Amino acid sequence: MKKLIGVGLTLVLLASSSGPLIAIAQDGARKPLPGQGVLCSWAIMAAVAEIGRKCHAGENPELQAELDGAVARIDAYVLAYSDPAMTPAAVEEFKRFQGHTDTPAATMCVPGDRETMYQRLAQVGPDVIRTTTDDILERPGNPTWGDCL
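Anyway, here's the lowdown on the structure attached to this text. (Residues numbered from 1 in each chain as written. Predicted model: local features only at pLDDT ≥ 70, side-chain atom pairs only at ≥ 80, totals over all residues. Heavy atoms only, no water.)

## What about the overall build of the protein?
Inference 1: Assigned secondary structure in the protein consists of six helices and three strands.
Inference 2: When the helices and strands of the protein are read in sequence order from the N terminus, they spell out β-β-β-α-α-α-α-α-α.
Inference 3: Taking all 149 residues of the protein together, 43% fall into the buried category.
Inference 4: The long-range fraction of contacts in the protein, counting pairs at least 24 apart against all pairs at least 6 apart in sequence, stands at 71%.
Inference 5: Just so you have it, the protein exposes about 7600 Å², and 58% of that area is on carbon and sulfur atoms. (Helix = DSSP H or I, 4+ residues; strand = E, 2+ residues; numbered from the N terminus. Buried < 20%, exposed > 50% of the residue type's maximum accessible area, 1.4 Å probe, protein only. Contact = heavy atoms within 4.5 Å. Areas by Shrake-Rupley, 256 points an atom, 1.4 Å probe, with all protein chains shown as cover.)

## Some details on the packing of aromatic side chains
Inference 1: In the structure shown here, the tally under the stated rule is three aromatic pairs.
Inference 2: Three or more aromatic residues joined by ring pairs form one cluster here, namely Trp-42, Phe-94 and Trp-145. (Phe/Tyr/Trp six-rings, centres within 6.5 Å; stacked < 30°, edge-to-face > 60°.)

## Observations concerning the packing of helix H1 (residues 38-55) against helix H2 (residues 61-81)
Inference 1: Interaxial distance between H1 and H2 falls to 9 Å at its minimum, and their mutual angle equals 145°. Once H1 is placed against H2, the crossing between them reads as left-handed. On H2, the residues that touch Val-38, Leu-39, Ser-41, Trp-42, Met-45, Ala-46, Val-48, Ala-49, Gly-52 and Arg-53 of H1 are Gln-64, Leu-67, Asp-68, Ala-70, Val-71, Ile-74, Asp-75, Tyr-77 and Val-78.
Inference 2: Here the residues of the contact of H1 with H2 sort into 13 nonpolar, three polar and three charged. (Axes fitted to C-alpha atoms, helices over the stretch in contact; angles between N-to-C directions. Left-handed = near helix turned anticlockwise from the far one by under 90°. Nonpolar A, V, L, I, M, F, W, Y, C, P; charged D, E, K, R; others polar.)

## Re the pattern of salt bridges
Inference 1: Across all of its chains, the model carries eleven salt bridges by this definition.
Inference 2: Two residues, Asp-134 and Arg-73, come together in a salt bridge whose shortest N-O distance is 2.4 Å. Of this pair, Asp-134 sits in helix H6 (residues 126-137) while Arg-73 sits in helix H2, and the two are 61 residues apart along the sequence.
Inference 3: In this structure, Arg-130 engages Asp-127 in a salt bridge whose closest nitrogen and oxygen atoms are separated by 2.7 Å. Of this pair, Arg-130 and Asp-127 both sit in helix H6, three residues apart, roughly one helical turn.
Inference 4: Each member of the salt-bridge network shares a partner with another, and the members are Glu-50, Arg-53, Lys-54 and Asp-68. (Salt bridge = Lys/Arg side-chain N within 4 Å of Asp/Glu carboxyl O.)

Spelled out as structure tokens, the structure:
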């Protein structure tokens, strides 16, 4: 089992007979501090949304809409709760750097970790992405990286 995101709900990579898959497991031991793991989740969602946009255009519109929605919700959270305050320009720069928005498709659309993350989130589907994002953003607090990859 490989931990990918350590927040209220833990995103884990589990092995099965058909290969790795992503599952969401409740961490009943403790709730993270408000804002913990928000930046990590934001970076992952921004990168995976960009993979979907550049490498899987039109293949799974419901998934793409949920990924884009998750990124937009995290954008709003970061703008509202960052201390010191983050500007809209800083939000765009974070997504450019972490989400690779300026990386050409020819470079981005190759087998590797980003494509694997996209495929795993496609397997679990939009509802899991929405629920996980809800849990990460449920408590106002200064966004931090938290326990990440």
